Amino acid sequence: TMISETAELPQSQATAAVTTSAASSHTSTLSEVCVVAAAANDRSTLRRYLREHQVPCRIVSDLNSGLDVISRYRISAVVINTMQLVPASVVDFAADVADLTDLPILVLSAASQQSQFAGLDAVPRVEMLELPASLRDIRCRLQSMCDAVESSSPRDSTLSEPELG
């Protein structure tokens, strides 16, 4: 797999307590993450890691299921592991998500694949992360993307009724 667990080795209890405390207060914006990954081992690794860090997730194996999850549940972000997925379908999926929502979309792809995703440049709120990547890198990038979306569009204003003038 191109997702590395090496950066997640056990720490001393003191460091782990500080990290856990900081992470739990910092991950409040990640209500639930939708992860699309075709490879079963990547789905399992991401699910276990995110849940260990108190990030609820819905993991699916294909893009159509991803759209279904996004339309049915209150998702805060989308992660797409492009390994074993058709690049043009990934670009279409990201564009559909961007049209339907204001969710940040993190696309994980190998350096050798990145040129195949040129269409993602035009899709708002999409960031690419080159594989191999550590689980921590994925979680931190996801958190910073969610923080940026939340700070640029406060949730309270999206819930208010528009004024007729």
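Before any of the text, the structure's been laid out above.
First, a word on scope: everything that follows refers to the structure included in this document. Please read these numbers as outputs of a predicted model, since none were measured by experiment.

Before going further, it helps to examine the nonpolar core. Within soluble globular proteins, side chains that are nonpolar generally end up buried alongside one another. Counting 23 residues, the largest nonpolar core has Val 36, Val 78, Ile 80, Phe 93, Ile 105 and Leu 120 as its most contacted members. It is helix α4 (residues 87–100) that provides the largest number of residues to this core, a total of six residues. With residues near it in sequence (within four places) discarded, Val 36 still touches Val 60, Asp 62, Leu 63, Gly 66, Val 79, Ile 80, Asn 81, Leu 85 and Phe 93. Residues Leu 50, Cys 57, Ala 133 and Leu 135 belong to the second largest nonpolar core, which totals 22 residues.

The next subject is unusual backbone geometry. Most peptide bonds are trans, and most residues other than glycine sit at a negative phi. In the segment running from Leu 131 into Pro 132, the intervening peptide bond is cis, with an omega of 5 degrees. Among the secondary structure elements, Pro 132 is positioned in the loop between β6 (126–131) and β7 (133–134). We note that Gln 54 has phi near 55 degrees; this positive angle belongs to a residue other than glycine. Along the chain, Gln 54 falls in the loop between α2 (40–52) and β3 (57–60). Backbone geometry at Arg 125 places phi at a positive 65 degrees, although glycine is not the residue there. Note on placement: Arg 125 falls in the loop between β5 (105–110) and β6.

The strand order across the open sheet formed by five strands is β3-β2-β4-β5-β6, and the pairing between neighbours is parallel. At either margin of the open sheet sits one strand with a lone partner, and together these are β3 and β6. Within this sheet the neighbouring strands show an average axis-to-axis angle of 20 degrees, counted without direction. With four bridges joining them, strand β4 (residues 77–81) and β5 adopt parallel strand pairing. Residue pairing for β5: Ile 80 is matched across the bridge by Val 107. Against the sheet, helix α3 (residues 63–72) makes contact with β2 (33–37), β3 and β4, and its axis sits at roughly 170 degrees relative to β2, the strand it touches most. Contacts from α4 reach β2, β4, β5 and β6, with the element oriented near 180 degrees to β4.

Turning to the packing of aromatic side chains, a few remarks are in order. Per the stated rule, a full pass over the model turns up zero aromatic pairs. The side chain of Arg 58 reaches across the aromatic face of Tyr 73, ending 3.5 Å from its centre.

At a minimum axis separation of 11 Å, α2 and helix α5 (residues 135–152) run at an interaxial angle of 65 degrees. Where α2 crosses over α5, the two elements pack in a sense that is right-handed. Counting all contacts with α2, which are made through Thr 45, Leu 46 and Tyr 49, the residues of α5 involved are Leu 135, Arg 136, Ile 138 and Arg 139. Tallied by class, residues from the contact of α2 with α5 come to four nonpolar, one polar and two charged.

Moving on: the pattern of salt bridges. The full count for this structure, using the stated rule, is three salt bridges. The salt bridge partner of Arg 58 is Glu 32, with a shortest N-O separation of 3.0 Å. Note that Arg 58 is positioned in strand β3 and Glu 32 in the loop between α1 (13–26) and β2, a separation of 26 residues in sequence. Given a relative accessible area of 15%, Glu 32 falls into the buried group. We note a salt bridge from Arg 72 to Asp 68, for which the minimum N-O separation is 2.8 Å. In this pair, Arg 72 and Asp 68 both sit in helix α3, four residues apart, roughly one turn of the helix. When its relative accessible area of 59% is taken as the criterion, Arg 72 is described as exposed. Residue class for Asp 68 comes out partly exposed when judged on its relative accessible area of 35%.

Analysis parameters
Residues numbered from 1 in each chain as written. Predicted model: local features only at pLDDT ≥ 70, side-chain atom pairs only at ≥ 80, totals over all residues. Heavy atoms only, no water. Core = buried A, V, L, I, M, F, W, Y, C linked by side-chain atoms within 4.5 Å. Buried < 20%, exposed > 50% of the residue type's maximum accessible area, 1.4 Å probe, protein only. Helix = DSSP H or I, 4+ residues; strand = E, 2+ residues; numbered from the N terminus. Contact = heavy atoms within 4.5 Å. Pairing = 2+ DSSP bridges. Axes fitted to C-alpha atoms, helices over the stretch in contact; angles between N-to-C directions. Phe/Tyr/Trp six-rings, centres within 6.5 Å; stacked < 30°, edge-to-face > 60°. Lys NZ or Arg CZ within 6 Å of the ring centre and 35° of its normal. Left-handed = near helix turned anticlockwise from the far one by under 90°. Nonpolar A, V, L, I, M, F, W, Y, C, P; charged D, E, K, R; others polar. Salt bridge = Lys/Arg side-chain N within 4 Å of Asp/Glu carboxyl O.

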